[in-house]
Amino acid sequence: MPKRSNEKRFKLKQQRREALAANIYGRLRIVVAPEKVRLQPRPEDGYTWSITSANAGLRKSSLSSGNIHLYRSICNEIGHSLEAVSPQTLRTSQSNANCIPKENLEAESFGDGTDGSFTAEISELKAANSSIEFELERTRVRMNDCLDESHTVRAEANELRHDMQILQSDNNKLHDELTEARAGIAGARRILNSLQTEGIGVALGTRDIQSSENGIHAVEGEVLD
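Here the structure is a predicted model, which means the values were calculated and not measured.

**Remarks on the overall build of the protein**
Phase 1 of the analysis: Each helix and strand counted, the protein has four helices and two strands in total.
Phase 2 of the analysis: Starting at the N terminus and ending at the C terminus, the protein contains elements arranged as α-β-α-β-α-α.
Phase 3 of the analysis: In the protein, 60% of the contacts between residues at least 6 apart in sequence involve partners at least 24 apart.
Phase 4 of the analysis: When the accessible surface of the protein is summed, it comes to about 16,500 Å², and 54% of that surface belongs to carbon and sulfur atoms.

Set out below in structure tokens:
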């Protein structure tokens, strides 16, 4: 039984080495003998492994001393969350994810991901996400500025409304005073007209009296003659 288990383990290990070597060649065109493949390659090997954070533990494993679970995990993840990339590509990906200057995001070229690399796609998505976050922050700043301006305009409008109410009140007072003045003028005209009418009557009466007196004097003069 232990012999069969060891044979199965050796067979799985060999198959995973071959699969990893095929992935290195397919991705980078670097020929690496299956028995020379490492999950922790040296800088001079020309390749490294890009692994999603959920399976980051695979990078710390060793193919030589791995168990069946490790080999099955590699089988499931290779080409999906585990792939060979150049050391430069991995550094660039990590740099793009963490150190993209926000002022350069709009001019950033994210590539088209046509090589089928999930590493490049993840890098592009992270860069695009950073760009979106930057745009959201800029939009938030603009919105706050607009809100401040709105509050200022609203305050000015309230002040103008208050001034208009005061002016309307003053206008109503002036209108009432004008109405009273017109009524007073109309009353004064009526009194003046009445006085003028009475004055004409007095003048007419005076002339009649004078005429009568003149007639009496004339009659008396005739009698004396």
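**Some thoughts on unusual backbone geometry**
Phase 1 of the analysis: Its identity is not glycine, yet Arg29 carries a phi of approximately 60°, on the positive side.
Phase 2 of the analysis: Residue position: Arg29 is located in the loop between α1 (2–28) and β1 (48–51).

**Details of the pattern of salt bridges**
Phase 1 of the analysis: What the rule picks out here adds up to six salt bridges.
Phase 2 of the analysis: The residue Glu137 makes a salt bridge to Arg140 at a minimum N-O spacing of 2.6 Å. Of the two residues, Glu137 and Arg140 both sit in helix α4 (residues 118–224), three residues apart, roughly one turn of that helix.
Phase 3 of the analysis: According to the relative accessible area criterion, Glu137 is partly exposed, its value standing at 39%.
Phase 4 of the analysis: Through salt bridges with shared partners, a single network forms among Arg38, Arg42, Glu44 and Asp45.

**Comments concerning the packing of aromatic side chains**
Phase 1 of the analysis: With the rule as written, the count across this model stands at one aromatic pair.
Phase 2 of the analysis: Pairing Tyr47 with Trp49 gives two aromatic rings, centres 5.8 Å apart and planes at 75°, and the pair type is edge-to-face. Here Tyr47 and Trp49 have matching classes, each one buried.
Phase 3 of the analysis: A cation sits over an aromatic face here: Arg29 above Tyr25, 5.1 Å from the ring centre.

**Side note on the nonpolar core**
Phase 1 of the analysis: Residues Leu20, Ile24, Val37, Trp49, Leu63, Ile74 and Leu82 are the most contacted members of the largest nonpolar core, which totals 18 residues.
Phase 2 of the analysis: Looking at this core, the elements with two or more residues in it are α1, β1, α2 (68–77) and β2 (82–85).
Phase 3 of the analysis: Of all the elements, α1 adds the most residues to this core, at four residues.

**Looking at the pairing of β1**
Looking down a regular strand, the side chains alternate between one sheet face and the other.
Phase 1 of the analysis: Burial of the side chains of β1 extends over both faces: Thr48 and Ser50 are buried on one face and Trp49 and Ile51 on the other.
Phase 2 of the analysis: When β1 meets β2, the two strands line up antiparallel, connected through four bridges. Residue pairing in the sheet places Thr48 in a bridge with Val85 of β2.

Rules and cut-offs
Residues numbered from 1 in each chain as written. Predicted model: local features only at pLDDT ≥ 70, side-chain atom pairs only at ≥ 80, totals over all residues. Heavy atoms only, no water. Helix = DSSP H or I, 4+ residues; strand = E, 2+ residues; numbered from the N terminus. Contact = heavy atoms within 4.5 Å. Areas by Shrake-Rupley, 256 points an atom, 1.4 Å probe, with all protein chains shown as cover. Salt bridge = Lys/Arg side-chain N within 4 Å of Asp/Glu carboxyl O. Buried < 20%, exposed > 50% of the residue type's maximum accessible area, 1.4 Å probe, protein only. Phe/Tyr/Trp six-rings, centres within 6.5 Å; stacked < 30°, edge-to-face > 60°. Lys NZ or Arg CZ within 6 Å of the ring centre and 35° of its normal. Core = buried A, V, L, I, M, F, W, Y, C linked by side-chain atoms within 4.5 Å. Pairing = 2+ DSSP bridges.

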